[in-house]
Amino acid sequence: DLKLSSMVFFLSFLLLWGLPTLLNGLSFSPNTSSHLVPPTLQAYNPLRQSQIFAQTRELDSAPLDESIQHSFDAIVVGSGIGGLSCAALLSHFGYSLAVFESHSMPGGAAHGYSVYNKNIGGTFTFDTGPSFFSGLNSDFPAKSSNPLRSILDILGEEVKCAPYTTFGLKFPEGDFLHSPKFGLSGGVVDAVSGARGVEQWRKLMKAMEPLANAVDAMPTAALRGDVGVALTAGQFLPNFAKTNPLENLKLTSPFSKIIDGSGVTDEFIKNWLDLLCFCLSGVPSDGTITAEMAMMVGEFYDDDAIMDCPIGGAKSIVDALVRGIEKNSGFICCNSHVEEICIENGRAVGVRLKKNPEQLISAKKGVISNISIWDLMNTGIVDTNHFPDRFVSNRKATPECPSFMHLHVGFEMAKHELQKLQAHYIYIADWVRGVSDDENCALVSIPSVHDDTLAPNGYAVLHIYTPATERFERWENVKRNTPEYKALKEERSEFLWNVLESIIPDIRQRTIHSQVGTPLTHQRFLRRHKGTYGPAIYASEGSFPFPTTPVEGLLLCGDSCFPGIGVPAVAGSGITAANSISLDTIVPQLKVLQQLKSRNSG
């Protein structure tokens, strides 16, 4: 009976999602007298006119006087994609809120930076973090399982993108072009492994179809970390009528089990999937949760799959989220380091800023932390005595991925030369050494192939990095701005230069500007524990804790609390944290879900 099967799966979903969050502690206010929907704020706010909360102003450089607002419904600490997604949704719900960011600009790992070169009289604009995007382009239909696109659609904000379908692969077997036809006849698998490999790929994609359908059946925007999930997710129960509940339970298992269960024995296919998993989640296929791959396989291998190059870089995504927050009267407060998340009587009540610790900026509904779990638990920003000992020890023990080496290059290249390149390349030297081995893998982004706004005419920018393979231990005793640090930067970036030379042989001669980023760079500017790429939680050994904590009114978002490391994971965590801050959000959440449903059926 399909109806009974659907009910079995939905109950399984509630157990898999709801039980861990209930055990972690619910995050809604027991005050039943509070209003169900916070009043919508006036579009005009005198605080913006006074520029007290302007993005570049050091809000915490002077005491807050009586004329400055120091009470909000919600406060978000940190402005990564997760924090901005959370703040954007809460502001859309009508919550008054402020986002406090230590850096001089919002975006976290997704912020961009610009360098003016006086020799050419022009500016290079670089991304600092993510470079692979899909599903953002508003010219194409949205998937309900794409959390960042859902946020942008809810806000009515668009990110202009250049679509493309191919990127380069530089493998031990040779150079290839990746496309949606990767595993089909005439594609890369056929070129390397022949008809036998193509048939194994077909079986794997067939096995992934029902899992992808199950992921699409439940919009990320329907999730929340409290009992309200029964109301918000329950309406999507009919979507599971044609799914197999026992198959759907595989979504929480390691992706390697799906690979093996599909009869894939071809070494090239298995190596590629390990690499793809590693790039997306920081762990190989035996550690990557199947649900993440079920979402991403369609983004890569549907017949109409496209990738998106955001015009202006990843910063354009950050800018869209900031616009969505500010138009709903929310505030982005940069250069505003939070010294303490304040907890009183078992509840998070607000924050204190570093340069004005006497002033409590209160949060009526709650505080959402967008800092990593290691930094939350180890830096003193929160008094861990308010948490159960087991919670603290478990969170401190969250395994972390290594860090990365980055190289940003502004170089001379004519437009007709750029057109011969791909916007992305994935490089691996030796499959036998494994995807996580030191100086074996690199990701290259050359956004100037599709975006001519990032560099002056006749020039281009690129960004190359090693994904989660640079050990922090190599750097932890090295002091910045010393000859030793400079020498180590040159030594550890040589691998990246060598990879670039396999793509652009004379890249060193063309270079106008270059800048190396190290684990210490990430630790300093992104305030990341050991400069880590993110959590290394293996699907077979643990699970992500999701947004709630044992402290009422304190929620988490970011890559430490939602499956995966990349943009979809952190955006999804922001949505879930926003939905979970209070039972008050159920009504506006239901309205948002109706809005998204109307969009998808339109």
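Computed from a predicted structure; not experimentally measured. (Residues numbered from 1 in each chain as written. Predicted model: local features only at pLDDT ≥ 70, side-chain atom pairs only at ≥ 80, totals over all residues. Heavy atoms only, no water.)

### Here we look at helix H10 (residues 290–301)
The end-to-end C-alpha distance of H10 is 16 Å, a good match for the 16 Å that 12 residues give at a rise of 1.5 Å each. Burial runs high along H10: 11 of the 12 residues are buried. For H10, every residue scored as buried is listed here: Thr290, Glu292, Met293, Ala294, Met295, Met296, Val297, Gly298, Glu299, Phe300 and Tyr301. (Helix = DSSP H or I, 4+ residues; strand = E, 2+ residues; numbered from the N terminus. Expected span 1.5 Å × (residues − 1). Buried < 20%, exposed > 50% of the residue type's maximum accessible area, 1.4 Å probe, protein only.)

### Describing the environment of asparagine 137
Locating asparagine 137 in the fold gives a position in the loop between strand S4 (122–127) and helix H4 (147–155). Taking C-alpha positions, asparagine 137 is 6.7 Å from valine 159, a pair spaced 22 residues apart along the chain. Every residue in contact with asparagine 137, bar those within four places of it in the chain, is listed here: Arg149, Cys161, Pro163 and Asp308. (Contact = heavy atoms within 4.5 Å.)

### Describing the sheet that holds strand S6 (residues 167–171)
Spatially, S7-S6-S14-S15-S16-S13-S17 is the arrangement adopted by the 7 strands of the open sheet, whose pairing is mixed. Of all the strands in the sheet, just strand S7 (174–178) and strand S17 (511–517) have a single pairing partner and so form its edges. Going from strand to strand, the sheet's axes swing by 15° on average, the running direction of each strand aside. In the sheet, S6 pairs with strand S14 (residues 424–428) via 3 bridges, with the strands oriented parallel. Directly across from lysine 170, in S14, lies its bridge partner tyrosine 427. Packing of helix H9 (residues 267–281) onto the sheet brings it into contact with S6, S7, S14 and strand S15 (441–445), and relative to S6 it is tilted by some 120°. (Pairing = 2+ DSSP bridges. Axes fitted to C-alpha atoms, helices over the stretch in contact; angles between N-to-C directions.)

### Thoughts on the pattern of salt bridges
Evaluated as defined, the whole model comprises 24 salt bridges. Note that arginine 474 and glutamate 470 form a salt bridge whose closest N and O atoms lie 3.2 Å from each other. Residue arginine 474 is classed as partly exposed on the basis of its relative accessible area, which comes to 32%. Assessed through its relative accessible area of 2%, glutamate 470 is described here as buried. The partner of arginine 510 in a salt bridge is aspartate 506, and the shortest N-O contact between them spans 2.9 Å. (Salt bridge = Lys/Arg side-chain N within 4 Å of Asp/Glu carboxyl O.)

### So, helix H3 (residues 81–93)
Taking 1.5 Å per residue as the helical rise, H3 with its 13 residues ought to reach 18 Å, and the 18 Å between its terminal C-alpha atoms agrees with that figure. The element H3 is largely enclosed, with a buried count of 12 among its 13 residues. Within H3 the residues assigned to the buried category are Ile81, Gly82, Gly83, Leu84, Ser85, Cys86, Ala87, Ala88, Leu89, Leu90, Ser91 and Phe93. Among the residues trailing H3, glycine 94 stands out with phi positive, at a value near 105°.

### Overview of the state of the cysteines
Enumeration over the complete set of coordinates arrives at 0 disulfides. Cysteine 277 takes part in no disulfide bond, and the closest cysteine sulfur to it belongs to cysteine 279, at a distance of 9.5 Å. Here cysteine 334 stays free of any disulfide, with the sulfur of cysteine 333 as its closest cysteine sulfur at 7.8 Å. In this structure cysteine 334 comes out as buried when scored by relative accessible area, which is 0%. (Disulfide = S-S within 2.5 Å.)

### Some details on the packing of H3 against helix H18 (residues 567–580)
H18 packs onto H3 with a crossing angle of 35° between their chain directions and a minimal axis gap of 7 Å. Seen from above, H3 lies across H18 with right-handed handedness. From H3, Ile81, Gly82, Ser85, Cys86, Leu89, Leu90 and Phe93 reach across to H18, where they touch Val567, Val570, Ala571, Ser573, Gly574, Ile575, Ala577, Ala578 and Asn579. Its residues assigned to classes, the contact of H3 with H18 shows 11 nonpolar, 5 polar and no charged. (Left-handed = near helix turned anticlockwise from the far one by under 90°. Nonpolar A, V, L, I, M, F, W, Y, C, P; charged D, E, K, R; others polar.)

### Examining the packing of aromatic side chains
Aromatic ring pairs: the centre-centre distance and the angle between the two ring planes describe each pair. Applying the stated rule across the entire model yields 21 aromatic pairs. An angle of 75° between the planes, with centres 6.3 Å apart, marks the rings of phenylalanine 124 and tyrosine 459 as edge-to-face. Of the two residues, phenylalanine 124 sits in strand S4 while tyrosine 459 sits in strand S16 (residues 459–465), which places them 335 residues apart along the sequence. Judged by centre distance (5.3 Å) and plane angle (10°), the ring pair of phenylalanine 387 and phenylalanine 391 falls under stacked. Here phenylalanine 387 and phenylalanine 391 have matching classes, each one buried. Here the aromatic residues Phe132, Phe167, Phe171, Phe182, Trp201, Phe268, Trp272, Phe300, Tyr301 and Trp431 are joined through ring pairs into a cluster of three or more. In this structure, lysine 597 is placed above the aromatic ring of phenylalanine 236, and the distance from its NZ or CZ to the ring centre is 5.3 Å. (Phe/Tyr/Trp six-rings, centres within 6.5 Å; stacked < 30°, edge-to-face > 60°. Lys NZ or Arg CZ within 6 Å of the ring centre and 35° of its normal.)

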